[in-house]
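# Summary of structural features
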Amino acid sequence: MTTAALRRVVGIADTDSYVKWAAALLGTLPDKAGELIVLDTPLVVSDAQLETALAGSGLDRSRVRRAAFDELAELVADADAVLVAARGPLVRVVAREVAQLEPRPVIVTGLPGISVPATWLALHFRRQCDLFVLHAHREVREFARLAEERGIAQRFGLARLPFAAGGTPSGQPARGGTDLVFAAQAIVPRAREDRELVARILVDAAKLDPSRRVVVKLRGRAGEQQTHAERDAYPDLIAELGDVPPNLVFSTEPMGEALDRAEGLVTVSSTAAIEAIARGVPVIVLDTFGVSRRLINVVFEESGLFGGEDDVIARSFRMPRAEWLRDSYFHDTADDDWSQQLAGLVAQRRAGALAPRPPYRRWGGRARDAWERRLALGDADRTVSGAVAYAIGVPIRSVLRFTRRMRRRLGAAVSAAGARGVLDA
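This report concerns the structure included in the present document. (Residues numbered from 1 in each chain as written. Predicted model: local features only at pLDDT ≥ 70, side-chain atom pairs only at ≥ 80, totals over all residues. Heavy atoms only, no water.)

Attention shifts here to unusual backbone geometry. Looking along the chain, the bond that leaves E102 and enters P103 is cis, with omega of -5 degrees. Following the sequence through the fold, P103 ends up in the loop between helix 4 (88-99) and strand 5 (106-110). Residue P189 follows V188 across a cis peptide bond; omega there is -10 degrees. Although it is not a glycine, I296 adopts a positive phi angle of roughly 55 degrees. Positionally, I296 belongs in the loop between strand 12 (283-286) and strand 13 (306-307). Classification of I296 by relative accessible area gives partly exposed; the value is 28%. (Helix = DSSP H or I, 4+ residues; strand = E, 2+ residues; numbered from the N terminus. Buried < 20%, exposed > 50% of the residue type's maximum accessible area, 1.4 Å probe, protein only.)

Structure, rendered in structure tokens:
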């Protein structure tokens, strides 16, 4: 079976980054096979964010709709496959719901950008899915190794990042753009003082050359939700510095449009770096705060893209080393196998041979299911069981957290006392 035989693949997404990723991935499927449901959750995209996310995706706007969780079963009942594109806790809840259908669709999931380092939680929340889509040989290798270590049976598929799939970096930067585009991230860096430093760097870059813009590319307007909650937003931090040059501007346009006018892109670890490279736009990956798993920038080691604040101010952009590209998001598209794996799984489904994917066993039964659904959906969960589970679960969780804190403190006190005893002896 080939992907051309796919009749209906339904994506389910809620936040800005996942909607963009799901729409672009579905847009690579045969005409009219893909459609997208934007699920109502506390972090769901606004109408403006939705239009930005869909721009250039290849998915027709008429194939996108909003829906509530209690509508999902009916909306996906006749789908060949369901792409669950969301944060881990929501993937767990949606996958459990979809897996109860008979016959159930193939359940696909994935991550919307740079996914190095591989994390156990990303695997754990998605263990009921048939296929996990990743975007680099390195990602597949690291997740496969982690799954084996953790005893999680998972199938991984490789796909070029869909919004960078058409690019073939030549090693030479594209010409014509004049903007310095900074890809803002909600939680990287996290500390206020680090974000203040980034704000000062951007202001200094704008002041150095008033004839060229510095564009702070934001994920949403004030009050709009993002995949990750943001504190200390850059518009506020920059305003607090005072004397903001007029050539420093903020933008919520699609990243592709911002890159069309870019001389270069600056980021700490945003997937926008991959999108820029695909377009021939040079990059600086800011290493002022170091290189670590916490900063999600270890994947750029050996890329030749790291630079400091002086490089940003001087606009000393760079292109990646050729040897880094194939293992990190720019492999030959002939290596992509996610759609072939999807077609194979759909063929198994139609033959009645799709292997079951039971949920991970844990204590609590249906009450636990209701609790997890309420946590993932928030006020968008309209069930009585969810309200009851939440009313009971919140105080229980508070007690458990308090007990864990006390145990840690007691353990630390015992260790300290033991150390003093050794010294006294």
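So, on to the environment of V214. Here V214 is to be found in strand 9 (residues 214-217). Separated by 31 residues in the primary sequence, V214 and P245 have C-alpha atoms spaced 9.5 Å apart. Leaving out residues up to four positions away in the same chain, V214 has contacts with L180, L202, A205, A206, N247, L248, V249 and R315. (Contact = heavy atoms within 4.5 Å.)

Taken together, seven strands build an open sheet; the order of strands is 3-2-1-4-5-6-7 and the sheet is parallel. Edge positions in the open sheet fall to strand 3 (64-67) and strand 7 (156-158), since each of these has one partner strand only. Here the strands of the sheet are splayed against their neighbours by 25 degrees on average, with no regard to which way each runs. Pairing analysis gives five bridges linking strand 1 (residues 9-13) to strand 2 (residues 34-39), with the strands arranged parallel. Across the sheet, A13 pairs through a bridge with V38, a residue of strand 2. Packing of helix 4 onto the sheet brings it into contact with strand 1, strand 2, strand 4 (81-85) and strand 5, and relative to strand 5 it is tilted by some 170 degrees. (Pairing = 2+ DSSP bridges. Axes fitted to C-alpha atoms, helices over the stretch in contact; angles between N-to-C directions.)

Bringing the pairing of strand 11 (residues 262-267) into the picture now. For strand 11, a buried count of five out of six residues is recorded, marking the element as mostly surrounded by other parts of the structure. As judged from the four bridges shared by strand 8 (residues 179-183) and strand 11, these two strands associate in the parallel manner. Among the inter-strand pairings, V181 is bridged to a residue of strand 11, identified as L265. Judged from the three bridges that link them, strand 11 and strand 12 form a sheet pairing that is parallel. Along strand 12, the bridge assignment pairs T267 with V285. In this fold, the crossover linking strand 11 to strand 12 by way of helix 10 (residues 272-278) has right-handed handedness. (Right-handed = clockwise from strand over helix to strand, strands pointing away.)

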